[in-house]
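Report on the structure
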Amino acid sequence: MTTATLSTPASRLRSIISGSIGNLVEWYDWYAYSAFALYFAPVFFPKGNATAQLLNTAAIFAVGFLMRPLGAWLLGAYADRNGRRAALLLSVRLMAGGSLLIAAAPGYASIGVAAPALLLLARLVQGISVGGEYGTSATYLSEMAGAKHRGFWSSFQYLTLMGGQLLALVVQLGLQQLLTPAQLGEWGWRVPFVIGALAAMGALYLRTHMGETEAFEQQQNAVLANPEGEGRAPSPSQFRLLMQHPRAVLTVVGLTLGGTLAFYTFTTYAQKFLVNTSGFSKEQATLISFGVMAVALLFQPLLGAISDKVGRRPVLLMFGIGATLGTVPLLRQLAQTHDAWLAAGLLIAALFVVSGYTSISAVVKAELFPTEIRALGVGLPFALTVAIFGGTAEYVALFAKQHGVEEWFYWYVTGCALLSLLVYWRMGETRAEKGTMAE
(Lines give C-alpha, C1' and ligand atoms only; values in the text may rest on other atoms or scores of the structure.)
Protein backbone atom coordinates (compact mmCIF):
# COMPACT_ATOMS: atom_id res chain seq x y z
CA MET A 1 0.00 0.00 0.00
CA THR A 2 1.54 3.29 -1.11
CA THR A 3 1.28 6.79 0.26
CA ALA A 4 -1.18 7.66 -2.43
CA THR A 5 -3.58 4.97 -1.32
CA LEU A 6 -3.46 6.38 2.22
CA SER A 7 -4.66 9.83 1.19
CA THR A 8 -8.30 9.23 2.18
CA PRO A 9 -9.59 9.12 5.79
CA ALA A 10 -11.04 5.65 5.15
CA SER A 11 -7.70 4.19 4.08
CA ARG A 12 -5.93 5.78 7.05
CA LEU A 13 -8.62 4.38 9.35
CA ARG A 14 -8.15 0.86 7.96
CA SER A 15 -4.42 1.01 8.61
CA ILE A 16 -4.94 2.39 12.12
CA ILE A 17 -7.42 -0.39 12.92
CA SER A 18 -5.11 -3.09 11.51
CA GLY A 19 -2.21 -1.77 13.55
CA SER A 20 -4.36 -1.51 16.65
CA ILE A 21 -5.67 -5.08 16.39
CA GLY A 22 -2.11 -6.33 16.11
CA ASN A 23 -1.22 -4.30 19.17
CA LEU A 24 -4.14 -5.84 21.08
CA VAL A 25 -2.99 -9.37 20.25
CA GLU A 26 0.61 -8.58 21.25
CA TRP A 27 -0.48 -7.30 24.63
CA TYR A 28 -2.92 -10.16 25.17
CA ASP A 29 0.00 -12.55 24.78
CA TRP A 30 2.11 -10.45 27.16
CA TYR A 31 -0.55 -10.17 29.88
CA ALA A 32 -1.79 -13.75 29.65
CA TYR A 33 1.35 -14.56 31.65
CA SER A 34 0.29 -12.27 34.49
CA ALA A 35 -3.37 -13.29 34.39
CA PHE A 36 -2.60 -17.02 34.67
CA ALA A 37 0.44 -16.81 36.97
CA LEU A 38 -1.78 -17.75 39.90
CA TYR A 39 -2.35 -21.12 38.19
CA PHE A 40 0.96 -22.02 36.56
CA ALA A 41 3.33 -20.81 39.32
CA PRO A 42 3.21 -24.24 41.07
CA VAL A 43 3.90 -25.98 37.73
CA PHE A 44 7.23 -24.28 37.03
CA PHE A 45 8.60 -23.94 40.55
CA PRO A 46 9.05 -26.26 43.56
CA LYS A 47 6.18 -26.59 46.00
CA GLY A 48 6.18 -24.08 48.81
CA ASN A 49 4.72 -20.82 50.05
CA ALA A 50 2.21 -19.32 47.58
CA THR A 51 3.71 -15.83 47.91
CA ALA A 52 7.18 -17.25 47.22
CA GLN A 53 5.92 -18.96 44.05
CA LEU A 54 4.32 -15.70 42.91
CA LEU A 55 7.60 -13.95 43.65
CA ASN A 56 9.36 -16.38 41.30
CA THR A 57 6.87 -15.78 38.48
CA ALA A 58 7.01 -12.03 39.15
CA ALA A 59 10.79 -12.15 38.90
CA ILE A 60 10.57 -13.74 35.43
CA PHE A 61 7.89 -11.17 34.54
CA ALA A 62 10.39 -8.47 35.55
CA VAL A 63 13.26 -10.11 33.61
CA GLY A 64 11.06 -10.08 30.52
CA PHE A 65 10.84 -6.31 30.99
CA LEU A 66 14.63 -6.09 31.05
CA MET A 67 14.63 -7.32 27.43
CA ARG A 68 12.27 -4.56 26.39
CA PRO A 69 15.04 -1.94 26.03
CA LEU A 70 16.89 -4.35 23.72
CA GLY A 71 13.72 -4.87 21.71
CA ALA A 72 13.11 -1.11 21.61
CA TRP A 73 16.66 -0.57 20.35
CA LEU A 74 16.64 -3.33 17.72
CA LEU A 75 13.11 -2.90 16.39
CA GLY A 76 13.10 0.89 16.83
CA ALA A 77 16.26 1.20 14.75
CA TYR A 78 14.80 -1.28 12.26
CA ALA A 79 11.58 0.78 12.03
CA ASP A 80 13.50 4.02 11.46
CA ARG A 81 15.55 2.38 8.68
CA ASN A 82 13.10 -0.01 7.02
CA GLY A 83 9.67 1.32 7.94
CA ARG A 84 7.12 1.09 10.72
CA ARG A 85 5.17 -1.68 8.98
CA ALA A 86 8.20 -3.99 8.64
CA ALA A 87 9.06 -3.64 12.33
CA LEU A 88 5.47 -4.32 13.40
CA LEU A 89 5.45 -7.52 11.35
CA LEU A 90 8.65 -8.70 13.01
CA SER A 91 7.41 -7.97 16.53
CA VAL A 92 4.23 -10.02 16.14
CA ARG A 93 6.24 -12.99 14.81
CA LEU A 94 8.43 -12.94 17.91
CA MET A 95 5.41 -12.77 20.21
CA ALA A 96 3.82 -15.80 18.53
CA GLY A 97 7.00 -17.82 19.07
CA GLY A 98 7.18 -16.91 22.75
CA SER A 99 3.56 -17.89 23.36
CA LEU A 100 4.00 -21.25 21.67
CA LEU A 101 7.03 -21.99 23.82
CA ILE A 102 5.11 -21.30 27.06
CA ALA A 103 2.18 -23.40 25.87
CA ALA A 104 4.42 -26.41 25.17
CA ALA A 105 6.95 -26.13 28.03
CA PRO A 106 7.02 -29.13 30.45
CA GLY A 107 6.70 -28.47 34.18
CA TYR A 108 9.22 -28.67 37.03
CA ALA A 109 8.09 -32.17 37.95
CA SER A 110 9.09 -33.42 34.48
CA ILE A 111 12.36 -31.64 33.67
CA GLY A 112 13.38 -29.87 36.91
CA VAL A 113 15.15 -26.53 36.64
CA ALA A 114 14.92 -26.64 32.85
CA ALA A 115 11.20 -25.80 33.21
CA PRO A 116 11.66 -22.30 34.65
CA ALA A 117 14.58 -21.86 32.20
CA LEU A 118 12.22 -22.42 29.26
CA LEU A 119 9.68 -20.07 30.83
CA LEU A 120 12.42 -17.48 31.16
CA LEU A 121 13.50 -17.93 27.53
CA ALA A 122 9.93 -17.44 26.31
CA ARG A 123 9.57 -14.25 28.33
CA LEU A 124 12.88 -12.94 26.98
CA VAL A 125 11.62 -13.40 23.42
CA GLN A 126 8.30 -11.78 24.30
CA GLY A 127 10.16 -8.95 26.03
CA ILE A 128 12.07 -8.16 22.83
CA SER A 129 8.78 -8.25 20.91
CA VAL A 130 6.89 -5.93 23.26
CA GLY A 131 9.87 -3.60 23.60
CA GLY A 132 9.87 -3.06 19.86
CA GLU A 133 6.10 -3.00 19.60
CA TYR A 134 5.53 -0.02 21.89
CA GLY A 135 7.75 2.56 20.22
CA THR A 136 6.95 1.45 16.69
CA SER A 137 3.21 1.24 17.34
CA ALA A 138 3.17 4.64 19.04
CA THR A 139 5.05 6.11 16.09
CA TYR A 140 2.81 4.41 13.54
CA LEU A 141 -0.45 5.54 15.11
CA SER A 142 0.78 9.09 15.69
CA GLU A 143 2.11 9.46 12.15
CA MET A 144 -0.92 7.88 10.55
CA ALA A 145 -3.39 10.15 12.38
CA GLY A 146 -4.05 13.73 11.32
CA ALA A 147 -3.09 16.60 13.61
CA LYS A 148 -6.68 17.52 14.51
CA HIS A 149 -7.50 14.14 16.06
CA ARG A 150 -4.02 12.79 16.80
CA GLY A 151 -4.62 12.50 20.55
CA PHE A 152 -7.84 10.56 19.96
CA TRP A 153 -6.37 8.06 17.49
CA SER A 154 -3.11 7.66 19.39
CA SER A 155 -5.11 6.73 22.48
CA PHE A 156 -5.92 3.50 20.67
CA GLN A 157 -2.47 2.25 21.61
CA TYR A 158 -3.30 2.01 25.30
CA LEU A 159 -6.93 1.19 24.49
CA THR A 160 -5.74 -1.93 22.69
CA LEU A 161 -2.99 -2.51 25.25
CA MET A 162 -5.62 -2.58 27.98
CA GLY A 163 -7.91 -4.48 25.63
CA GLY A 164 -5.24 -7.18 25.53
CA GLN A 165 -5.37 -7.36 29.32
CA LEU A 166 -9.16 -7.50 29.18
CA LEU A 167 -9.08 -10.26 26.60
CA ALA A 168 -6.73 -12.26 28.82
CA LEU A 169 -9.23 -11.86 31.66
CA VAL A 170 -12.12 -12.90 29.37
CA VAL A 171 -10.26 -16.09 28.53
CA GLN A 172 -9.52 -16.62 32.20
CA LEU A 173 -13.18 -16.14 33.18
CA GLY A 174 -14.27 -18.55 30.45
CA LEU A 175 -11.80 -21.22 31.52
CA GLN A 176 -12.80 -20.77 35.17
CA GLN A 177 -16.36 -21.58 34.14
CA LEU A 178 -15.47 -24.52 31.91
CA LEU A 179 -12.73 -26.16 33.98
CA THR A 180 -12.24 -27.06 37.60
CA PRO A 181 -9.46 -25.36 39.59
CA ALA A 182 -7.52 -28.63 39.44
CA GLN A 183 -7.79 -28.80 35.64
CA LEU A 184 -6.72 -25.16 35.33
CA GLY A 185 -3.69 -25.85 37.45
CA GLU A 186 -2.76 -29.03 35.58
CA TRP A 187 -3.22 -28.08 31.92
CA GLY A 188 -5.92 -25.43 31.46
CA TRP A 189 -3.48 -22.56 31.91
CA ARG A 190 -1.79 -23.59 28.63
CA VAL A 191 -4.93 -22.84 26.58
CA PRO A 192 -4.60 -19.01 26.61
CA PHE A 193 -1.05 -19.23 25.24
CA VAL A 194 -2.21 -21.44 22.36
CA ILE A 195 -4.97 -18.92 21.67
CA GLY A 196 -2.43 -16.11 21.77
CA ALA A 197 -0.12 -17.78 19.26
CA LEU A 198 -2.99 -18.41 16.84
CA ALA A 199 -4.27 -14.83 17.25
CA ALA A 200 -0.77 -13.54 16.53
CA MET A 201 -0.85 -15.34 13.19
CA GLY A 202 -4.11 -13.55 12.40
CA ALA A 203 -2.57 -10.22 13.40
CA LEU A 204 0.38 -10.97 11.14
CA TYR A 205 -1.99 -11.36 8.20
CA LEU A 206 -3.68 -8.02 8.95
CA ARG A 207 -0.38 -6.23 9.27
CA THR A 208 0.81 -7.46 5.88
CA HIS A 209 -2.03 -5.35 4.43
CA MET A 210 -1.21 -2.15 6.36
CA GLY A 211 0.17 0.92 4.61
CA GLU A 212 3.41 2.66 5.47
CA THR A 213 3.13 6.10 7.06
CA GLU A 214 3.44 9.18 4.88
CA ALA A 215 5.96 10.73 7.27
CA PHE A 216 8.38 7.81 6.90
CA GLU A 217 8.01 7.67 3.12
CA GLN A 218 8.61 11.42 2.82
CA GLN A 219 11.74 11.10 4.94
CA GLN A 220 13.00 8.20 2.83
CA ASN A 221 12.27 10.10 -0.39
CA ALA A 222 14.30 13.01 0.97
CA VAL A 223 17.22 10.64 1.58
CA LEU A 224 17.02 9.25 -1.96
CA ALA A 225 16.86 12.75 -3.41
CA ASN A 226 19.84 13.91 -1.34
CA PRO A 227 21.80 10.82 -0.18
CA GLU A 228 24.69 12.87 1.20
CA GLY A 229 22.57 15.45 2.97
CA GLU A 230 21.07 15.92 6.39
CA GLY A 231 18.04 13.79 5.55
CA ARG A 232 20.02 10.56 5.56
CA ALA A 233 18.29 7.68 7.34
CA PRO A 234 19.77 6.61 10.67
CA SER A 235 23.08 4.78 10.31
CA PRO A 236 24.86 2.49 12.78
CA SER A 237 25.62 5.65 14.83
CA GLN A 238 21.96 5.88 15.86
CA PHE A 239 22.72 6.25 19.55
CA ARG A 240 24.70 9.41 18.75
CA LEU A 241 21.79 10.65 16.66
CA LEU A 242 19.38 9.96 19.52
CA MET A 243 21.63 11.79 21.96
CA GLN A 244 21.21 14.92 19.86
CA HIS A 245 17.83 15.15 21.57
CA PRO A 246 18.75 14.88 25.28
CA ARG A 247 15.85 16.99 26.52
CA ALA A 248 13.32 14.84 24.66
CA VAL A 249 14.93 11.63 25.95
CA LEU A 250 14.88 12.85 29.56
CA THR A 251 11.30 14.06 29.14
CA VAL A 252 10.21 10.57 28.02
CA VAL A 253 11.90 9.06 31.09
CA GLY A 254 10.33 11.58 33.46
CA LEU A 255 6.81 11.43 32.12
CA THR A 256 6.93 7.59 31.98
CA LEU A 257 8.31 7.02 35.50
CA GLY A 258 5.18 7.60 37.54
CA GLY A 259 2.76 6.58 34.81
CA THR A 260 4.11 3.09 34.19
CA LEU A 261 4.41 2.26 37.89
CA ALA A 262 0.85 3.43 38.61
CA PHE A 263 -0.47 1.59 35.55
CA TYR A 264 1.05 -1.77 36.51
CA THR A 265 0.05 -1.28 40.14
CA PHE A 266 -3.63 -0.81 39.32
CA THR A 267 -3.85 -3.34 36.48
CA THR A 268 -1.62 -6.43 36.55
CA TYR A 269 -0.75 -6.29 40.25
CA ALA A 270 -4.25 -5.28 41.36
CA GLN A 271 -5.61 -8.78 40.68
CA LYS A 272 -2.99 -10.34 42.96
CA PHE A 273 -3.49 -7.58 45.53
CA LEU A 274 -7.20 -8.42 45.71
CA VAL A 275 -6.38 -12.10 46.42
CA ASN A 276 -3.23 -11.79 48.51
CA THR A 277 -4.08 -8.68 50.57
CA SER A 278 -7.82 -7.94 50.40
CA GLY A 279 -8.80 -11.61 50.73
CA PHE A 280 -10.97 -12.10 47.64
CA SER A 281 -11.03 -15.46 45.86
CA LYS A 282 -9.21 -15.87 42.55
CA GLU A 283 -12.55 -15.96 40.74
CA GLN A 284 -13.81 -12.79 42.47
CA ALA A 285 -10.55 -10.98 41.74
CA THR A 286 -10.73 -11.94 38.08
CA LEU A 287 -14.34 -10.73 37.79
CA ILE A 288 -13.54 -7.43 39.52
CA SER A 289 -10.51 -6.88 37.30
CA PHE A 290 -12.57 -7.65 34.20
CA GLY A 291 -15.25 -5.08 35.06
CA VAL A 292 -12.70 -2.44 35.99
CA MET A 293 -10.70 -2.87 32.78
CA ALA A 294 -13.86 -2.77 30.65
CA VAL A 295 -14.75 0.63 32.11
CA ALA A 296 -11.17 1.91 31.95
CA LEU A 297 -11.03 1.23 28.21
CA LEU A 298 -13.58 4.00 27.69
CA PHE A 299 -11.37 6.55 29.41
CA GLN A 300 -8.64 6.29 26.74
CA PRO A 301 -10.38 7.81 23.68
CA LEU A 302 -12.27 10.26 25.92
CA LEU A 303 -9.14 11.78 27.43
CA GLY A 304 -7.27 11.49 24.14
CA ALA A 305 -9.98 13.58 22.47
CA ILE A 306 -9.88 16.09 25.34
CA SER A 307 -6.14 16.48 24.82
CA ASP A 308 -6.81 17.47 21.21
CA LYS A 309 -8.88 20.36 22.53
CA VAL A 310 -6.95 21.54 25.61
CA GLY A 311 -3.44 20.21 24.94
CA ARG A 312 -1.45 17.30 26.34
CA ARG A 313 0.03 19.00 29.40
CA PRO A 314 -3.24 19.64 31.33
CA VAL A 315 -4.22 15.97 30.97
CA LEU A 316 -0.81 14.85 32.22
CA LEU A 317 -1.10 17.23 35.18
CA MET A 318 -4.43 15.64 36.09
CA PHE A 319 -2.69 12.29 36.39
CA GLY A 320 0.33 13.64 38.27
CA ILE A 321 -1.70 15.49 40.91
CA GLY A 322 -4.26 12.70 41.32
CA ALA A 323 -1.68 9.92 41.65
CA THR A 324 0.47 11.89 44.08
CA LEU A 325 -2.39 12.73 46.42
CA GLY A 326 -4.59 9.65 46.00
CA THR A 327 -2.43 6.53 45.83
CA VAL A 328 -1.82 5.94 49.55
CA PRO A 329 -5.40 6.49 50.79
CA LEU A 330 -6.84 4.47 47.91
CA LEU A 331 -4.58 1.45 48.42
CA ARG A 332 -5.17 1.57 52.19
CA GLN A 333 -8.91 1.45 51.62
CA LEU A 334 -8.60 -1.28 48.98
CA ALA A 335 -6.56 -3.43 51.38
CA GLN A 336 -9.30 -3.26 54.01
CA THR A 337 -12.41 -3.76 51.90
CA HIS A 338 -14.19 -7.08 51.41
CA ASP A 339 -16.95 -5.55 49.27
CA ALA A 340 -16.52 -6.33 45.58
CA TRP A 341 -18.40 -3.22 44.41
CA LEU A 342 -16.31 -0.93 46.57
CA ALA A 343 -13.11 -2.60 45.37
CA ALA A 344 -14.20 -2.13 41.75
CA GLY A 345 -15.12 1.51 42.37
CA LEU A 346 -11.75 2.25 43.94
CA LEU A 347 -9.87 0.66 41.05
CA ILE A 348 -12.01 2.48 38.47
CA ALA A 349 -11.22 5.78 40.19
CA ALA A 350 -7.53 4.90 40.18
CA LEU A 351 -7.53 4.00 36.50
CA PHE A 352 -9.40 7.17 35.55
CA VAL A 353 -6.52 9.12 37.06
CA VAL A 354 -3.93 6.84 35.45
CA SER A 355 -5.65 7.37 32.08
CA GLY A 356 -4.42 10.96 32.21
CA TYR A 357 -1.07 9.37 31.38
CA THR A 358 -1.99 6.28 29.36
CA SER A 359 -4.44 7.96 26.95
CA ILE A 360 -1.84 10.36 25.54
CA SER A 361 1.41 8.60 26.34
CA ALA A 362 2.03 7.58 22.72
CA VAL A 363 1.32 10.93 21.12
CA VAL A 364 3.25 13.00 23.67
CA LYS A 365 6.40 10.93 23.14
CA ALA A 366 6.03 10.80 19.35
CA GLU A 367 5.65 14.57 19.14
CA LEU A 368 8.99 15.07 20.89
CA PHE A 369 11.14 13.54 18.12
CA PRO A 370 11.74 14.10 14.39
CA THR A 371 10.77 11.39 11.90
CA GLU A 372 14.21 9.88 11.33
CA ILE A 373 14.70 8.94 14.99
CA ARG A 374 11.09 8.82 16.22
CA ALA A 375 10.55 5.07 16.70
CA LEU A 376 13.85 4.64 18.55
CA GLY A 377 13.40 7.89 20.48
CA VAL A 378 9.95 6.89 21.69
CA GLY A 379 10.78 3.26 22.36
CA LEU A 380 14.21 3.12 23.99
CA PRO A 381 13.93 5.60 26.91
CA PHE A 382 10.38 4.38 27.53
CA ALA A 383 11.47 0.73 27.60
CA LEU A 384 14.36 1.45 29.96
CA THR A 385 12.06 3.28 32.36
CA VAL A 386 9.36 0.60 32.20
CA ALA A 387 11.93 -2.15 32.76
CA ILE A 388 13.19 -0.47 35.92
CA PHE A 389 9.88 0.67 37.40
CA GLY A 390 6.89 -0.95 35.65
CA GLY A 391 8.35 -4.43 35.23
CA THR A 392 9.45 -4.60 38.86
CA ALA A 393 6.19 -3.26 40.32
CA GLU A 394 4.77 -6.68 41.23
CA TYR A 395 8.06 -7.92 42.61
CA VAL A 396 8.61 -4.83 44.79
CA ALA A 397 5.01 -5.00 46.05
CA LEU A 398 5.19 -8.71 46.90
CA PHE A 399 8.64 -8.30 48.46
CA ALA A 400 7.32 -5.53 50.72
CA LYS A 401 4.33 -7.66 51.69
CA GLN A 402 6.45 -10.71 52.44
CA HIS A 403 8.58 -8.59 54.80
CA GLY A 404 5.60 -7.01 56.57
CA VAL A 405 6.06 -3.48 55.17
CA GLU A 406 3.45 -3.46 52.41
CA GLU A 407 2.64 0.25 52.87
CA TRP A 408 6.18 1.13 51.81
CA PHE A 409 5.12 0.16 48.32
CA TYR A 410 2.21 2.65 48.45
CA TRP A 411 4.64 5.46 49.22
CA TYR A 412 7.03 4.24 46.53
CA VAL A 413 4.29 4.65 43.91
CA THR A 414 3.44 8.07 45.33
CA GLY A 415 7.06 9.24 45.19
CA CYS A 416 7.44 8.21 41.55
CA ALA A 417 4.18 9.94 40.63
CA LEU A 418 5.47 13.12 42.30
CA LEU A 419 8.66 13.02 40.23
CA SER A 420 6.61 12.74 37.04
CA LEU A 421 4.36 15.58 38.20
CA LEU A 422 7.41 17.82 38.43
CA VAL A 423 8.29 16.93 34.83
CA TYR A 424 4.76 17.69 33.63
CA TRP A 425 4.80 20.99 35.49
CA ARG A 426 8.00 22.13 33.77
CA MET A 427 7.48 20.71 30.27
CA GLY A 428 5.99 22.73 27.44
CA GLU A 429 3.11 21.74 25.21
CA THR A 430 4.11 19.08 22.67
CA ARG A 431 1.21 19.21 20.25
CA ALA A 432 2.49 19.37 16.65
CA GLU A 433 0.51 21.02 13.88
CA LYS A 434 1.49 19.04 10.78
CA GLY A 435 -0.98 16.29 10.05
CA THR A 436 1.59 13.80 8.77
CA MET A 437 4.15 14.47 11.53
CA ALA A 438 6.76 14.81 8.83
CA GLU A 439 8.48 17.68 10.57
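What you are looking at is a predicted structure, and each value in this text was computed from that prediction instead of being measured.

This part is about the environment of Phe299. Tracing the backbone shows Phe299 in helix H15 (residues 282-310). Along the primary structure Phe299 and Ile348 are separated by 49 residues, whereas in three dimensions their C-alpha atoms are 9.9 Å apart. With residues up to four places along the chain from it excluded, the contact list for Phe299 reads Ile348, Leu351, Phe352, Ser355 and Ser359.

For the rest of this paragraph, the subject is the packing of helix H13 (residues 246-266) against helix H17 (residues 340-358). Contact geometry of H13 with H17 gives a least axis separation of 9 Å together with a crossing angle of 150°. When the axis of H13 is compared with that of H17, the two are roughly antiparallel. Along this stretch, H13 crosses H17, giving a crossing that reads as left-handed. In this structure, H13 uses Leu255, Thr256, Gly259, Thr260, Ala262, Phe263 and Phe266 to contact H17, whose residues at the interface are Leu347, Ala350, Leu351, Val354, Tyr357 and Thr358. Each residue belonging to the contact of H13 with H17 can be placed in one class, and the counts come to nine nonpolar, four polar and no charged.

In a regular helix each residue adds 1.5 Å, so 21 residues correspond to 30 Å; H13 covers 31 Å between its end C-alpha atoms and thus fits that length. The sharpest bend along H13 comes to roughly 35°, located at Thr256. Of all 21 residues making up H13, 17 are buried, and the element is well covered by its neighbours.

Let's shift gears to the packing of aromatic side chains. Scanning all chains against the criterion turns up 16 aromatic pairs. Pairing Tyr158 with Phe263 gives two aromatic rings, centres 5.3 Å apart and planes at 85°, and the pair type is edge-to-face. On the criterion of sequence distance, the pair formed by Tyr158 in helix H8 (residues 156-178) and Phe263 in helix H13 is long-range, its members being 105 residues apart. Classification of Phe263 by relative accessible area gives buried; the value is 2%. Above the plane of the ring of Tyr33 lies Arg123, whose end atom (NZ or CZ) is 4.2 Å from the centre. In this arrangement the basic side chain of Arg313 is found over the ring face of Trp425, its NZ or CZ atom lying 5.8 Å from the centre.

On the surface, Leu302, Ile306, Val310 and Phe352 cluster together into a nonpolar patch covering about 310 Å² of accessible area. In terms of residue count, the dominant contributor to the nonpolar patch is H15 (three residues). Given the relative accessible area of 31%, Phe352 is considered partly exposed.

Moving on: the pattern of salt bridges. Across all of its chains, the model carries seven salt bridges by this definition. Between Glu407 and Arg332 there is a salt bridge, and its shortest N-O distance comes to 3.1 Å. One end of the pair, Glu407, is in helix H21 (residues 406-426); the other, Arg332, is in helix H16 (residues 312-336), and 75 residues separate them in sequence. Residue classification places Glu407 among the partly exposed residues on the basis of a relative accessible area of 34%. The partner of Glu406 in a salt bridge is Lys401, and the shortest N-O contact between them spans 4.0 Å. Its relative accessible area of 15% is what places Glu406 among the buried residues. Each of the salt bridges in this network shares a partner with another, and the network as a whole consists of Asp308, Arg312 and Glu367.

Cut-off values and rules
- Residues numbered from 1 in each chain as written.
- Predicted model: local features only at pLDDT ≥ 70, side-chain atom pairs only at ≥ 80, totals over all residues.
- Heavy atoms only, no water.
- Helix = DSSP H or I, 4+ residues; strand = E, 2+ residues; numbered from the N terminus.
- Contact = heavy atoms within 4.5 Å.
- Axes fitted to C-alpha atoms, helices over the stretch in contact; angles between N-to-C directions.
- Parallel < 35°, antiparallel > 145°, perpendicular 65-115°, else oblique.
- Left-handed = near helix turned anticlockwise from the far one by under 90°.
- Nonpolar A, V, L, I, M, F, W, Y, C, P; charged D, E, K, R; others polar.
- Expected span 1.5 Å × (residues − 1).
- Bend = angle between axes of the 7 residues up to and from the residue.
- Buried < 20%, exposed > 50% of the residue type's maximum accessible area, 1.4 Å probe, protein only.
- Phe/Tyr/Trp six-rings, centres within 6.5 Å; stacked < 30°, edge-to-face > 60°.
- Lys NZ or Arg CZ within 6 Å of the ring centre and 35° of its normal.
- Patch = residues over 30% accessible without salt bridge, like charges linked within 9 Å, V, L, I, M, F, W, Y side chains within 5 Å.
- Areas by Shrake-Rupley, 256 points an atom, 1.4 Å probe, with all protein chains shown as cover.
- Salt bridge = Lys/Arg side-chain N within 4 Å of Asp/Glu carboxyl O.

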